[in-house]
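An overview of the molecular structure
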Amino acid sequence: MPSWQWKAFAELTLEELYAVLALRQEVFVVEQRSIYQDVDGLDPSSLHLLAHEGEGPERLLCAYLRILPPDVKFPGAASLGRVVTSPRARGRGLGRELTERGLARLDALYPDATIRISAQDYLRAFYTSLGFIAEGEVYDEDGIPHIEMSRRPRR
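In this convention, every chain numbers its residues from 1, walking through the sequence in written order. Side-chain atom pairs in this predicted model are given and counted only at pLDDT of 80 or more, local residue features only at pLDDT of at least 70, and totals for whole chains, interfaces and linings cover all residues. Excluded from the side-chain calculations are hydrogens and water; all other atoms, namely the structure's heavy atoms, are used.

So, the nonpolar core
Grouped together as the largest cluster of nonpolar side chains are 24 residues, with contacts concentrated most on Ile117, Tyr127, Phe132 and Met149. Think of it this way: any DSSP run of H or I at least four residues long counts as a helix, any run of E at least two long counts as a strand, and we number them from the N terminus. Looking at this core, the elements with two or more residues in it are strand E2 (47–53), strand E3 (60–68), strand E4 (77–85), helix H2 (94–109), strand E5 (114–120) and strand E7 (144–151). Broken down by element, this core gets its largest block of residues, 5 residues, from E3. Should any heavy atoms of two residues lie within 4.5 Å, those residues are counted as being in contact. The contact partners of Tyr127, leaving out residues within four places of it in the chain, are Val83, Thr99, Ile117, Ala119, Phe132 and Met149. Residues enter a nonpolar core if they are buried and are Ala, Val, Leu, Ile, Met, Phe, Trp, Tyr or Cys, with the set joined through side-chain atoms within 4.5 Å. The buried label applies to any residue whose accessible area, calculated with a 1.4 Å probe on protein chains only, is under 20% of its type's maximum; exposed applies above 50%, and partly exposed to all values in between. Residues Leu23, Val27, Leu50 and Tyr64 belong to the second largest nonpolar core, which totals 9 residues.

Pasting the structure below:
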């Protein structure tokens, strides 16, 4: 069972930040074979959700995402991104739990905000199941098909 923690950027320890960047690089750059600049300047404005399993040197960052306030990434909309599950922790539903926790936090912090994401197109059905609607056409982002999706405020 993972332990979940929300942290502002300044609250991340060096070890946590290293683990976050290593996991994002492992999956988004190496596994997905997409050469791009992961460190995009948005982390300091984000809240970070980390899920760890284990203790000490065996501690594993098994899932991670960041949420962004309205107007940071998308005009007039909050966002979540860098949604990632460690290859060593897949197949247990962590991705859904991670995303649901991120959306719940966004809803609590910004109840009147639309949530906009740039989703990898192969995950369209997953995000649709969480209330997102695809907008526009599929586009290439760093060699991977993406689609913009949004979810209206929950009232």
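What to know about the packing of aromatic side chains
Classification of ring pairs rests on two measures: the distance between centres of Phe, Tyr or Trp rings, Trp counted by its six-membered ring, which must be within 6.5 Å, and the angle between planes, read as stacked under 30 degrees, edge-to-face over 60 and tilted in between. Enumeration according to the criterion identifies 2 aromatic pairs in this entry. Ring geometry for Phe126 and Tyr127: centres 5.1 Å apart, planes at 75°, overall edge-to-face. By relative accessible area, which is 22% here, Phe126 ends up partly exposed. With relative accessibility at 7%, the residue Tyr127 sits in the buried group. Taken together, a centroid distance of 5.8 Å and an interplanar angle of 85° make the contact between Tyr127 and Phe132 edge-to-face. Pairwise contacts between aromatic rings join Phe126, Tyr127 and Phe132 into one cluster. The ring of Phe74 carries the charged tip of Arg116 above its face, separated from the ring centre by 6.0 Å. A ring is scored as having a charge over it whenever the NZ atom of a lysine or the CZ atom of an arginine sits within 6 Å of its centre and within 35 degrees of its normal.

What to know about the sheet that holds strand E6 (residues 133–141)
The strands making up a sheet are joined through hydrogen bonds of the backbone, oriented either antiparallel or parallel. Following DSSP output, two strands are said to pair if at least two bridges run between them. Strand order in the open sheet formed by 7 strands is E1-E2-E3-E4-E5-E7-E6, with mixed pairing between adjacent strands. Either end of the sheet is taken by a strand with one partner, and the two such strands are strand E1 (3–8) and E6. Within the sheet, the average angular offset between the axes of one strand and its neighbour, ignoring direction, is 20°. Angles run from 0 to 180 degrees between N-to-C directions of axes, and those axes are lines fitted to C-alpha atoms, restricted for helices to the stretch in contact. The strands touched by helix H1 (residues 14–31) within the sheet are E1, E2, E3, E4 and E5, with E4 carrying the most contacts at an inclination of about 80°. Sheet strands in contact with H2 are E1, E2, E3, E4, E5 and E7, and its direction is about 30° off that of E3.

Topic: H1
Three- or four-residue spacings in an α-helix give side chains the same orientation, since the helix completes a turn every 3.6 residues. Take the number of residues in a helix, subtract one, and multiply by 1.5 Å to get its expected span. Over its 18 residues, H1 runs 24 Å from end to end, which matches the ideal 26 Å to within 8%, given 1.5 Å per residue. Gln25 marks the point of greatest bend in H1, at about 30°. Here H1 has its buried residues at Glu16, Val20, Leu23, Arg24, Val27 and Phe28. If you follow the buried residues of H1, they end up packed against E1, E2, E3, E4 and E5. Arg33, located one to two residues past H1, shows a positive phi value of around 50°. To get the bend at a given residue, fit one axis to the seven residues ending there, fit another to the seven starting there, and take the angle between those axes.

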